[in-house]
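# Architecture at a glance
Listed below are the residues making up each chain.
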Amino acid sequence: FWMFRAWPRAITGGCLPLQRRGTGHRAMAASADGGRQAPGAWASLPVSLEELCLGHTLPVGQTFRWVETREGAFTGVIGSRAYEMEQMEDSVRYRVVARGGGAEGASTASDESRSDPSIEDAEVLREYFQLRLKLADFVEHWSGRDERFRAIKGYYPGARLLRQDPVECLFSFVCSSNNNIARIHGMVNTLCRLYGTELRRPSEGLGQGEDEKLGEKLYTFPTLEQLSQCTEEALRANGFGYRAKFITGSVSALNAMPGGGENWLLSLRDVPYKEASAALTELPGVGPKVAACVCLFSLDKFEAIPVDTHVWRLVKEHYKPELQEKKSLTPKLMDLAERALIDRFARTPGGRTTCSSCPSSPSSRSGCRRSCRPRPRGRRRRRR
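Quick caveat, the model's predicted, so the values are computed rather than measured.

Rules of the game
Residues numbered from 1 in each chain as written. Predicted model: local features only at pLDDT ≥ 70, side-chain atom pairs only at ≥ 80, totals over all residues. Heavy atoms only, no water. Helix = DSSP H or I, 4+ residues; strand = E, 2+ residues; numbered from the N terminus. Buried < 20%, exposed > 50% of the residue type's maximum accessible area, 1.4 Å probe, protein only. Contact = heavy atoms within 4.5 Å. Areas by Shrake-Rupley, 256 points an atom, 1.4 Å probe, with all protein chains shown as cover. Phe/Tyr/Trp six-rings, centres within 6.5 Å; stacked < 30°, edge-to-face > 60°. Lys, Arg positive; Asp, Glu negative; His and termini not counted. Salt bridge = Lys/Arg side-chain N within 4 Å of Asp/Glu carboxyl O. Polar contact = N/O pair within 3.5 Å; in protein donor to acceptor, adjacent residues only side chain to side chain. Expected span 1.5 Å × (residues − 1). Pairing = 2+ DSSP bridges.

The next point concerns the overall build of the chain. What the chain contains, in helices and strands, is 17 helices and five strands. Counting every position in the chain, which comprises 384 residues, the buried fraction comes to 52%. Long-range contacts, defined here as pairs at least 24 residues apart, represent 70% of the contacts in the chain between residues at least 6 apart. Carbon together with sulfur atoms contributes 49% to the accessible area of the chain, which is approximately 17800 Å² in total.

What follows is the structure, encoded as structure tokens:
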């Protein structure tokens, strides 16, 4: 659905389709002999730009824990690990710059990965970016279903859906109500600073001065137990406004779930999309759009499409012109828009029902121009 919002700007905004870069830069491997990775050492994910572009995936409004620290490089937190990642021409290099005392890994962590943190560090990234799914197969399918997608696909290579922790995703999007990406970032970071756990930076391995370059302290997203400490008054005093009551109300509702709120949220991965969405909307501050975001970005519901006014406008213009006279976006019309896009893009390789995901925010359009676009040859690139 982000792709649909991005189309008009991408066509007119001067973004260039993907071209193959030269071979001037190479990602750094963890170690030449395949041994254990030193603290703070760079490692490499062997994934092409077409399969993962950081600038089209991280700063686009599906997560709010990543900051672009320099051109094409991002620092953010996944679980109890803080990563620095950098886009290379034929891979993505990364390193863990801070971690918690019991940094959890991917749910499929092997015995070998538990004995070698560097293996688990890579598994966490593969699960987070869902690298088991081949994006090229989806793009080929969508191109065959829609000529508009076929025209725009080269402008946003490597845009992937993330698989996030449901607790973090839920409360991040509760903060998103009537908000913009910059303010949501601020609120999420405030929650982490006030109630999360500070991550430890390695005592060696970052290099002289690099610790300072990474900026402020890094924190985990708070657990439900930690969020139970917050009060509506404290949140309002820190700028959350009316969202404060939704956060504390949802915490209370989740804590009352049999087996605990975290397990309840994870269990929604195993039920149909509409059932999961309906369950989420029982929580304070969760409407159809927030529920769709949580389903899409953390609960494996690839058919979920958060319909906002931009998506609604594009659906009316290009897929459901008979709805042009409809002005107010009601839950019923959200369902119609979602259904229209699912019908257009239909089943994908592997039997999944899903729609495309791609950036729409100003930061993501900047990412198209900077993070993932090859540098022009023979002339200096203009700074924007």
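So that's the structure; there's more coming.
Using the criterion set out here, one finds nine aromatic pairs in the structure. On the numbers, 6.3 Å between centres and 40° between planes, the contact of Trp66 with Tyr128 is tilted. Taken as a pair, Trp66 in strand β2 (residues 66-70) and Tyr128 in helix α3 (residues 117-128) lie far apart in primary sequence, 62 residues in all. The residues Trp66 and Tyr128 share a single accessibility class, namely buried.

Our next topic: helix α14 (residues 288-298). Most of α14 is tucked away: nine of the 11 residues are buried. For α14, every residue scored as buried is listed here: Val290, Ala291, Ala292, Cys293, Val294, Cys295, Leu296, Phe297 and Ser298. Looking one or two residues past α14, Asp300 carries a phi angle of roughly 65°, positive in sign.

It is worth spelling out the side chain of Lys316 at this point. The residue Lys316 is located in helix α15 (residues 309-318) in this model. Among buried Asp, Glu, Lys and Arg side chains, Lys316 stands out as unpaired, with Glu317 the closest opposite charge at 7.8 Å. Separated by 3.1 Å, the side chain of Lys316 and the backbone oxygen of Lys326 make a polar contact. Apart from the residues within four sequence positions on either side, Lys316 is in contact with Pro321, Leu323, Gln324 and Lys326.

Right, let's talk about helix α7 (residues 181-195) for a bit. Here α7 spans 21 Å end to end across 15 residues, near enough to the 21 Å set by a 1.5 Å rise per residue. The elements touched by buried residues of α7 are β2, α6 (166-174), α9 (224-227), α10 (232-237) and α11 (243-255).

By the bridge criterion, four bridges tie β2 to strand β3 (residues 73-78) in an arrangement that is antiparallel. Along β3, the bridge assignment pairs Arg70 with Ala73. Hairpin connection from β2 to β3: two residues lie between these consecutive antiparallel strands, with Gly72 at a positive phi of about 80°.

Attention now moves to the environment of Glu86. Structurally, the position occupied by Glu86 is in strand β4 (residues 81-87). Once the C-alpha coordinates of Glu86 and Cys53 are considered, the two residues, 33 residues apart in sequence, prove to be 9.7 Å apart. One polar contact links Glu86 to Arg70, side chain to side chain, over a distance of 3.1 Å.

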